[in-house]
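# Coordinates in review
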Amino acid sequence: MQSTQEIFEQLRGVLQDLFEIDPAHVTLEAHLYNDLEIDSIDTIDLILRLKEITGRKIQPDQFRHVRTVGDAVNAIETLLQHKPAAA
Amino acid sequence: MSESAAAREPLGRRMNRVWRIFGTGLSFACFGIGAVLMGFTVWPVLRLTTTNPRRGIARVQRAVSGSMRVFLWLMKSVGVISYEVHGVEKLRERGQFVVANHPTLIDVVFLVSLMPEVDCIVKQALWRNVFLRWPVFWAGYISNASGEGLVAACAAALNQGRSLMVFPEGTRTRPGQPLTLQRGTAQIALAAPADLRPVTITCNPITLFKGNPWYRVPPRKAHFVISVGDSIPIDAFLAAGEPLPLAARHLTQALTRWFEAACAQQHGILRRETLSKS
């Protein structure tokens, strides 16, 4: 089980790899759309990458209410608490 | 210069300005009336007298292109605008992804007039506009309402050999503000994949820009310069093997720099010509 801090650090890495976002700008309060300039198409790529990393199925609904990096970390934490969905 | 001559000069200019307000209103009135009339008569007939929907759309698009040429001829004839086009032969080829900067309301009119068959992305508000909803419907233009499906729809149009025209800024440039491009254009180009055909539009003095009503005409007749640039190959942006979101960012940055340089150069040339004339 990963700690919240570990998830946050990993997400930072993903945001840098995928979108070249300076890790210094990635704080829990940072807004994905307004502060980090992640658009709706980026979100699809981000969710795909998170699927790979977590090995969990992700329903778009689970990320619908995500606005900040903190929201995303919480959503990933919730995902990891559940067992991988039966294929 | 005598005192009376000095007094007459501003009067002449004033009359010219009032004439250009009238001419602009007349042109736009003709545009609106024409759009409604054609939208209920010629366009549906062209579209519905063939069983092949793509052929119907192509017919309407060619006719719309022709009517845009008539509209520009009208604006030029009444003395509201003047324009010059460079490199139009580069637009003749089919299946091109045309991207242009967007200083004024009538940029789309120029581009559509120069390309017989081209798909455009039309914002949701125009699909509800009483004048334009039927023409954009019959011409088979693409609605921006589809959100994430929009990139796929545009890439599909290009892959079917149709030409597509996009304003990467997403809306008209605000004069004096830095050029900001949305990433959607890059995402379409990478998804297709398709080379980009950039078109630089400048207008001097600027008119019909964002937030400027049509009746606030510029001090002099507005002169448009439309230059079709050389193709920007997409291969270089795909070759690096970067994840698509990153490649889209790099392409958007490159495109922003391209348009900044092209606009600056075009404005610079204009300024020199104006200076040498006076």
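Within every chain, residues take consecutive numbers counted from 1 along the sequence as written. As they are written, the chains are lettered A onward and the ligands numbered 1 onward, keeping that order. The predicted nature of this model means local features are confined to residues of pLDDT at least 70 and side-chain atom pairs, given and counted, to a pLDDT of 80 or more, with totals for whole chains, interfaces and linings taken over all residues.

Bringing the overall build of chain B into the picture now. Only DSSP runs of H or I covering at least 4 residues are called helices, and only runs of E covering at least 2 are called strands; the numbering of each starts at the N terminus. Scanning chain B from terminus to terminus reveals 10 helices and seven strands. Atoms counted for the radius of gyration: C-alpha only. Globule rule: 2.2 Å times the number of residues to the power 0.38. Here the C-alpha radius of gyration of chain B, 20 Å, is about what a compact globule of 278 residues would show, namely 19 Å. In this scheme every C-beta is placed from the backbone, and a residue whose C-beta has 20 or more other C-beta atoms within 10 Å is buried, one with 12 or fewer is exposed, and one in between is partly exposed. For chain B, with 278 residues in total, the buried portion stands at 37%. Each residue gets a C-beta atom placed from its backbone, and two residues are in contact if those atoms lie within 7 Å. Once local pairs closer than 6 in sequence are excluded, the contacts in chain B between residues at least 24 apart make up 75%.

The next thing to look at is the pairing of strand β3 (residues 119-122) of chain B. Residues and elements named next belong to chain B. Both faces of β3 are covered, namely the face carrying Asp119 and Ile121 and the face carrying Cys120 and Val122. Should DSSP find at least two bridges between two strands, the strands are taken to pair. Where β3 and strand β5 (residues 164-166) come together, two bridges link them in parallel fashion. For Cys120, the partnering residue across the bridge sits in β5 and is Met165. Relative to strand β4 (residues 142-143), β3 runs parallel, the two sharing two bridges. Paired with Val122 across the bridge in β4 is Ser143.

Turning our eyes to something else, we now look at the interface of chain A and chain B. Accessible area lost on assembly of the parts is the figure often given for the size of an interface. Contact with chain A, which involves nine residues of that partner, is made by 10 residues of chain B. Looking at which element gives the most residues to the side of chain A that touches chain B, the answer is helix α2 (residues 40-54) of chain A, with five residues. Three classes are used, and their members are as follows: Ala, Val, Leu, Ile, Met, Phe, Trp, Tyr, Cys and Pro are nonpolar, Asp, Glu, Lys and Arg are charged, and the others, Gly among them, are polar. Grouping the constituent residues of the side of chain A that touches chain B by class yields four nonpolar, one polar and four charged.

Take the pairing of strand β7 (residues 222-228) of chain B next. Residues and elements named next belong to chain B. Here β7 shows a clear split, with Ala222, Phe224, Ile226 and Val228 buried on one side and none of His223, Val225 and Ser227 buried on the other. Here six bridges tie strand β6 (residues 196-204) to β7, and the two strands are oriented antiparallel to one another. Bridging from a neighbouring strand, Ile201 pairs with Ile226 of β7.

Let us look at the packing of helix α3 (residues 53-77) of chain B against helix α4 (residues 107-114) of chain B. All names here are of chain B. Contact pair α3 / α4: the axes reach a minimum separation of 8 Å and the direction vectors enclose 125°. As summarised for this structure, α3 and α4 are arranged oblique, according to the angle between their axes. α4 is crossed by α3, and the crossing has left-handed handedness. Counted together, Val64, Ser65, Met68, Arg69, Phe71 and Leu72 of α3 and Val109, Phe110, Val112 and Ser113 of α4 form the full contact between these two elements. Split by residue class, the contact of α3 with α4 holds seven nonpolar, two polar and one charged. All axes are obtained by fitting lines to C-alpha atoms, using only the stretch in contact for helices, and the reported angles, taken between N-to-C directions, cover 0 to 180 degrees. Should an angle fall under 35 degrees it is called roughly parallel, over 145 degrees roughly antiparallel, and 65 to 115 degrees roughly perpendicular, with every other angle called oblique. By convention the crossing between two helices is left-handed if the near helix lies anticlockwise of the far one by an angle smaller than a right angle, and right-handed if it lies clockwise.

Moving on to the sheet that holds β6(B). Residues and elements named next belong to chain B. Taken together, the seven strands give an open sheet; going across it, the order is β1-β7-β6-β2-β5-β3-β4, and neighbouring strands pair in mixed fashion. In this open sheet, the two edge strands, each paired with only one partner strand, are β1 (81-86) and β4. Pairing geometry for strand β2 (residues 97-100) and β5, over three bridges, is parallel. Along β5, the bridge assignment pairs Val98 with Met165.

Residue and element names in this part refer to chain B. Here Gly23 is to be found in helix α1 (residues 3-40). Taking C-alpha positions, Gly23 is 48 Å from Leu238, a pair spaced 215 residues apart along the chain. Ignoring anything within four residues of it in the chain, the contact list for Gly23 reads Val78, Gly79 and Val80.

Glancing now at the environment of Ala29(B). Inspection of the secondary structure assignment puts Ala29(B) in helix α1. Note: C-alpha distance between Ala29(B) and Gly12(B) (17 residues apart in sequence) is 25 Å.

Turning to the packing of helix α1 (residues 4-19) of chain A against helix α4 (residues 69-81) of chain A, a few remarks are in order. All names here are of chain A. Remark: α1 packs on α4, axes separated minimally by 10 Å, with the N-to-C direction vectors making an angle of 120°. Where α1 crosses over α4, the two elements pack in a sense that is right-handed. Touching Thr4, Ile7, Phe8 and Leu11 of α1 are Val69, Ala72, Val73, Ile76 and Glu77, all from α4. For the contact of α1 with α4, the class distribution of residues is seven nonpolar, one polar and one charged.

We now examine α2(A). Residues and elements named next belong to chain A. Every helix has an expected span of 1.5 Å times one less than the residues it contains. For α2, which comprises 15 residues, the first-to-last C-alpha distance of 21 Å matches the rise-based estimate of 21 Å (1.5 Å per residue) to within 8%. Those residues of α2 that fall on the buried side of the exposure criterion are Ile41, Asp42 and Leu46. Taken around the axis of α2, the buried residues stretch over an arc of 140°, which confines them to a single face. Gly55 sits one or two positions beyond α2 and adopts a positive phi of about 70°. In this description, the arc belongs to the directions extending from the helix axis to the C-beta atoms.

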